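Read off the chains here:
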Amino acid sequence: MDILTGFGHGLMVAMQPENLLYCFIGVFLGTFIGVLPGIGSMAAISMILPLTFYLEPTSALVMIAGVYYGAEYGGSIASILMNIPGTPSSSITCIDGYPMAREGRAGIALFTSAIASFGGGMIGMVVMAVLAPGLAALALNFGPTEYFAVILLGLVAASAVSNGSPIKGIAMVVAGLMLGTIGVDITTGAERFTMGVPELRDGVSLVIVAMGLFGVGELIVSIRANASGAHQTDIDYKKFYPSRAECKAIFGPILRGGAIGSFFGALPGTGQTVASAVAYAVEKKVSRNRDMFGKGAIEGVAVPESANNSATQTAFIPTLTLGVPGSASMALVIGALMIHGIVPGPRLLVDHADLFWGLVASFLIGNLLLLVLNIPLIGLWVRLLQIPYRYMYPTIIVLICMGIYSLNNNVFDIWLTLIFGYAGYLMRLFRFEPAPLLIGFVLGPMMEEQLRRAMLLSRGDATVFLTRPISGTLIIVTILLLVYSIVSALRAKARSRAALRVS
Amino acid sequence: MKDFLLRLRRSDDTARLPHAWLGALGGIALLALSLIFVIGGLRLGVGSPRRLGTGAFPVLTGFALGALSVAVIAMDLRDTSDAERPDWISFAAIGAALAVFAVTVERVGLVPSVLLTVFTASLPDPSLRLTGKLLLGLVVALGCWGLFIGILDLPFRAFKGF
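Residues numbered from 1 in each chain as written. Chains lettered and ligands numbered in written order. Predicted model: local features only at pLDDT ≥ 70, side-chain atom pairs only at ≥ 80, totals over all residues.

## What about the overall build of chain A?
Secondary structure assignment for chain A yields 21 helices and two strands. Expected size for 503 residues packed as a compact globule is a radius of gyration near 23 Å; at 22 Å, chain A falls within 12% of this value. Each of the three principal axes of chain A carries a C-alpha extent, and together these read 70 × 60 × 50 Å. For chain A, the proportion of its 503 residues judged to be buried stands at 60%. Within chain A, counting contacts between residues at least 6 apart in sequence, those at least 24 apart form 79% of the total. (Helix = DSSP H or I, 4+ residues; strand = E, 2+ residues; numbered from the N terminus. Rg over C-alpha atoms; globule rule 2.2 N^0.38 Å. Buried ≥ 20, exposed ≤ 12 C-beta atoms within 10 Å, placed from the backbone. Contact = placed C-beta atoms within 7 Å.)

## Let's talk about the overall build of chain B
Across its full length, chain B carries six helices and zero strands. In chain B, the succession of α and β elements from N to C terminus is α-α-α-α-α-α. The buried share of chain B, reckoned over its 162 residues, is 36%. Pairs at least 24 apart in sequence give 62% of the contacts found in chain B among residues at least 6 apart.

## Topic: the interface of chain A and chain B
Between chain A and chain B, the residue contacts involve 54 residues of the former and 54 residues of the latter. Ranked by residues supplied to the side of chain A that touches chain B, first place goes to helix H17 (residues 389-408) of chain A with eleven residues. By residue class, the composition of the side of chain A that touches chain B is 34 nonpolar, ten polar and ten charged. (Nonpolar A, V, L, I, M, F, W, Y, C, P; charged D, E, K, R; others polar.)

## Topic: the domain arrangement of chain B
The domain boundaries assigned to chain B delineate domain 1 (17-77) and domain 2 (88-151). The C-alpha centroid of domain 2 of chain B is placed 38 Å from the C-alpha centroid of domain 1 of chain B. (Domains from an automatic or database assignment.)

## What about the nonpolar core?
One recurring pattern in soluble globular proteins: nonpolar side chains tend to sit buried together. Formed by 205 residues in total, the largest nonpolar core has its most connected members in Ile64 and Leu438 of chain A. Counting residues per element, this core draws most heavily on helix H6 (residues 106-139) of chain A, at 19 residues. A domain split of this core shows at least three residues from each of domain 1 (17-77) and domain 2 (88-151) of chain B. Apart from the residues lying within four places of it in its own chain, the contact partners of Ile64 of chain A are Gly26, Ile45, Ile48, Thr52, Val333 and Ala336 of chain A. (Core = buried A, V, L, I, M, F, W, Y, C linked by C-beta atoms within 7 Å.)

## Side note on unusual backbone geometry
Residue and element names in this part refer to chain A. Backbone geometry places Met195, a non-glycine residue, at a positive phi of 55 degrees. Following the sequence through the fold, Met195 ends up in the loop between strand E2 (191-192) and helix H9 (206-225). Owing to 8 C-beta atoms within 10 Å, Met195 belongs among the exposed residues under this scheme. With a phi close to 55 degrees, Arg459 is a non-glycine residue in the positive phi region. Here Arg459 is to be found in the loop between helix H19 (434-457) and helix H20 (464-467). Given 9 C-beta atoms within 10 Å, Arg459 falls into the exposed group.

## A closer look at the environment of Pro242 of chain A
Residue and element names in this part refer to chain A. For Pro242, the position within the fold is in the loop between H9 and helix H10 (244-266). The class for Pro242 is buried, based on 20 C-beta atoms found within 10 Å. Taking C-alpha positions, Pro242 is 24 Å from Gly34, a pair spaced 208 residues apart along the chain.

## Side note on H6 of chain A
All names here are of chain A. Relative to the 50 Å expected for 34 residues at 1.5 Å per residue, H6 spans 46 Å between its end C-alpha atoms, a close match to the ideal helical length. Of all bends in H6, the biggest is about 30 degrees, found at Leu131, and the proline Pro133 comes one to four residues later. Buried residues dominate H6, accounting for 28 of its 34 residues. (Expected span 1.5 Å × (residues − 1). Bend = angle between axes of the 7 residues up to and from the residue.)

## What to know about the environment of Arg390 of chain A
As for its placement among the helices and strands, Arg390 of chain A is situated in helix H17. C-alpha of Arg390 of chain A to C-alpha of Ala353 of chain A: the two residues are 37 residues apart in sequence and 46 Å apart in space. Contacts of Arg390 of chain A, omitting those with residues within four sequence positions, involve Ser122, Asp125, Ser127 and Leu128 of chain B.

## Focus: the confidence of the model for chain B
Summing up the model confidence of chain B, the mean pLDDT is 86 and the portion of residues at 70 or higher is 88%. Taking the mean pLDDT of every element in chain B, the minimum, 53, falls on helix H1 (residues 2-14) of chain B and the maximum, 95, on helix H5 (residues 110-122) of chain B. (pLDDT = per-residue confidence, 0-100.)

Here's what the structure looks like:
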């Protein structure tokens, strides 16, 4: 199926009434949750995940994708209006979005953010439609050795390049790999680390791990962060449309942000935050209006929003074609597909072309919905931000309980969520990132399976990972990445120590 | 009660440990986890290089985590920054709310369980009075009844044992 035929077919799938409905629900709920300060797209997807089990795989994926980019867009609303990033990737938008709001240009900043998100999303969609089939065709030649090496690279990239210490990131990935071994070993049928608990025979549910680490963990953190009560916005957001000159000024940044975001989104481990930051830095260098950056430059809102949204779309490329998620949100997407019996990887484009192209086309519809929804609904989101958080968080905790309990109608799942929720909070306290743990947890069983197969086929010769050209190259890239991230972390630490000494 | 909670929050604000201790504690927890998996994996059997056994992957990852934990402990013990400010009140309240839901949902039904869960979660909030907390619980409980049982038709009992 060539790209245009595939996309046309995908449009027909995405335009089916039920997919349109779930796309709308996903975008709406994603924006709703993303607007709440401190609750990001991970928590949003975790909360929605149980609902998608009852849907067809395509509808489920379309809805999850809608929640994902809806939450990313919702995050920028809190950034612009209150200088509180709803999601980490929208923190860059605060730099110019909030000063614009203080100048009484909040409406224009929100409109720019919506248009730039749409533009970036479209660029990301085109990149995905063009690149994914080629990558999938290449990956069809992969054997277990190559798969093991790709997964290893994905894990190291996701942990080492993420925020915080690379050593801690890798430790979290390994802890996730270990958690993934709990349950019955599919090769031998032996029980592992179940402690005789029958509910653990099938392993720990992805939803429980995600809902605990991100839903409950983030909720505990967010209570104090939002303890000041309602967020008052005395900002005029009624003037909405930018002038012709402003429209002209944001056109270039949207294209540049979209291109940079597409590149970083497709790389495992970097994601939207890095994409937004790099795009902002590049724009600051090339813009004619660079002196205004940080003081309310409209380009400073357009470029990170475009980069952020295009990265959101292209993050699906390695996830769907290789089965290797670049971020924790993508790990959840893989988990959701596997729950529906679909194994992400190069065969997905052949065996489930409907799903792949339907998803690509749903990006167009979802981004249009995002645009259409957010321009008239901006007043609703602002009002939502004004509801005191003391009313919101007890409601959210009930929704988490209901989502978990409805999985199996078993209270054991609630207790397990409580354990993971506490673990998630303590991890933040100990400065460990929970996201790499989730990626390791999802990829662990796949990694173990490929390792066992590779060792069996090579008759126990572990050098096969280095002697086969593709896997050897990937392992070398992994080692280089690891060395680079450790060296740059040590350098950053030395710089901050030197700065401390000087001050 | 309100004064007590406010005082607790204030004293919580001033108690800042160095991060070194907390960080090392996290590393020690990971080390213990790695030991459990190494010992458990060895008991399950690691097999041969050609046919990796059930315990091989847990042992491999356990050793890797053990080494990383030692690095984390060494690194964090040299950290001179202040620890993150823990919010034990919210920690306890959210945990208690989940526990209340787990204990009550099958005994008393969805509506009373949600009411108690919301009440428990909002208990430490000094800005909301007791009646306000109960009212919020009632509103959320009725909302859940309408949404999950009325609209989504999920197999929950609204009331049980009454």
